[in-house]
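Letter by letter, the chains look like this.
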Amino acid sequence: MAEVRFKNINKVFNADITAVSDLNLEIKDKEFVVLLGPSGCGKSTSLRMLAGLETPTSGDVFVGDKNVTNMPAKDRDIAMVFQNYALYPHMDIYNNLAFALKLRRYSRAEIKKRVNESAEILGINHLLDRKPKEISGGERQRVAVGRAIVRKPQAFLFDEPLSNLDAKLRVQMRTEIKKLHIRIKSTMVYVTHDQTEAMTLGDRVAIMKKGKLLQVDTPLDVYDKPGNKFVAGFIGSPPMNFVEGFLKKKDNALFFCEKDGFQIKVPEQMHKKVESYIGQGITLGIRPENLYDKLFASYATADNTINVTCDVIETMGSQNHLYLATKNHTIIAVVDASNKPAVGSRVEIVFDTKKIHFFDPSTEDTIV
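## Quick notes on helix H5 (residues 167-184)
Point 1. End to end, H5 covers 26 Å across 18 residues, agreeing with the expected 26 Å (1.5 Å per residue, within 8%).
Point 2. In this structure, the buried residues of H5 make contact with strand S3 (32-36), helix H3 (108-122), helix H4 (137-149), strand S8 (187-192) and helix H6 (195-201).
Point 3. After H5 finishes, the residue lysine 185 shows a positive phi value of roughly 50 degrees.

See the structure below:
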């Protein structure tokens, strides 16, 4: 196994389309890192440059202590699992798994040993004599992963491998991939636009936007300490609420005020970081799960409670999602299923002010 490193990587298509801009990222040996971002952010292009399927315009790619930037894909000792499985339809599963080993002229005994080992790990022993068209989507995905395992490469690359599966299979395969990483202790780089996959799979998550790497951190730190407004809004479901407003000072206390709307008191421990914004525009962020109906909140005060109208309720089984209208915004609160106010009614909503975030309205960087 080996560490992976992107150093000052740039990728430009047609002289004016920048897919990746100054990417610097180190992935430790045996680490599972997820490249996360919306379509077109450069995550798959970055993975393809690591695999050798694209060549950087500038910069270097390292696998272990080797600079592989200009090395052919076949010589990089890296295995890739694609979104569309890329299985050979005319071969049975055994030969799909064995094909790469045959090309490398492994002995028949070694091929059989490795194929059976990977089939055992993934629970596909009973499928070895079938053709890809005779098995399900989830089983095909297992075969695609198994084909990577048999090679025992230095690193595994996954390019949106679960996007063609239904919701139940995605959850199941997510668990299988996590168990696989724990079992074989290999370096893995995984690309997805699904933040649930990123949060559940990654040791660290690398979030990209428009070709730039915005933040690399553990899933919990990305969730709790987003570096900017984009990261804060991209991680979490439902996404973080954002409210535009300003700060005012009153009797040595600071208040965030929505224009012509509500106001809430800013915790004292946040004062030093935000006091330069007094009288100026500022963006408040709070996650839906940090908003509570006053009837269910024991710490409600006049300084952390606002009065809103319940516009829509989404029933999610164990939870309800409340869409609440303030003077100028719609905010979402995630509440217990037993909490179901009438649509159109007025609701008193309590902010957990220890969990609020502030963002600079011009740079969108996190202030607190």
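That was the structure; now back to the text.
## Section: the side chain of glutamate 197
Point 1. As for its position among the elements, glutamate 197 is in helix H6.
Point 2. Buried glutamate 197, no salt bridge; nearest opposite-charge side chain is arginine 170, N-O distance 4.8 Å.
Point 3. The contact partners of glutamate 197, leaving out residues within four places of it in the chain, are Leu162, Arg170, Arg174, Tyr190, Thr192 and Gly202.

## Describing the sheet that holds strand S12 (residues 253-258)
Point 1. Ordered in space as S13-S12-S11-S14-S20, the five strands form an open sheet in which the pairing is antiparallel. Both edges of this open sheet fall to strand S13 (263-265) and strand S20 (357-359), since each of them pairs with a single strand only. Going from strand to strand, the sheet's axes swing by 40 degrees on average, the running direction of each strand aside.
Point 2. Bridge analysis of S12 against S13 gives three bridges, and the strand direction is antiparallel. Across the sheet, residue phenylalanine 256 finds its bridge partner in S13, namely isoleucine 264.

## With respect to helix H2 (residues 93-103)
Point 1. Those residues of H2 that sit buried are Ile93, Asn96, Leu97, Ala98, Ala100 and Leu101.
Point 2. Contact partners of the buried residues in H2: H3 and H4.
Point 3. Trailing H2 by a residue or two, arginine 105 shows a phi angle of about 60 degrees, which is positive.

## Considerations on unusual backbone geometry
Point 1. Of note, the amide linkage connecting serine 237 to proline 238 takes the cis form, showing an omega dihedral of -5 degrees.
Point 2. With respect to the element layout, proline 238 can be found in the loop between helix H8 (229-234) and strand S11 (241-250).
Point 3. Despite not being glycine, asparagine 8 has its phi angle at roughly 50 degrees, a positive value.
Point 4. Relative to the elements of secondary structure, asparagine 8 occurs in strand S1 (residues 4-13).
Point 5. For asparagine 8, a relative accessible area of 34% corresponds to the partly exposed category.
Point 6. At lysine 185, a residue that is not glycine, the phi angle is positive and equals roughly 50 degrees.

## Some points on the side chain of lysine 43
Point 1. Along the chain, the position of lysine 43 falls in helix H1 (residues 43-51).
Point 2. At 4.0 Å, glutamate 160 is the nearest oppositely charged side chain to lysine 43, a buried residue that forms no salt bridge.
Point 3. In this structure the side chain of lysine 43 is engaged in a polar contact, spanning 3.0 Å, whose partner is the backbone oxygen of glycine 37.
Point 4. Those residues within four positions of lysine 43 in sequence are excluded, and the remaining contacts are Leu35, Leu36, Gly37, Pro38, Glu160, Val191, Thr192, His193 and Met208.

Procedures and definitions
- Residues numbered from 1 in each chain as written.
- Predicted model: local features only at pLDDT ≥ 70, side-chain atom pairs only at ≥ 80, totals over all residues.
- Heavy atoms only, no water.
- Helix = DSSP H or I, 4+ residues; strand = E, 2+ residues; numbered from the N terminus.
- Expected span 1.5 Å × (residues − 1).
- Contact = heavy atoms within 4.5 Å.
- Buried < 20%, exposed > 50% of the residue type's maximum accessible area, 1.4 Å probe, protein only.
- Lys, Arg positive; Asp, Glu negative; His and termini not counted.
- Salt bridge = Lys/Arg side-chain N within 4 Å of Asp/Glu carboxyl O.
- Pairing = 2+ DSSP bridges.
- Axes fitted to C-alpha atoms, helices over the stretch in contact; angles between N-to-C directions.
- Polar contact = N/O pair within 3.5 Å; in protein donor to acceptor, adjacent residues only side chain to side chain.

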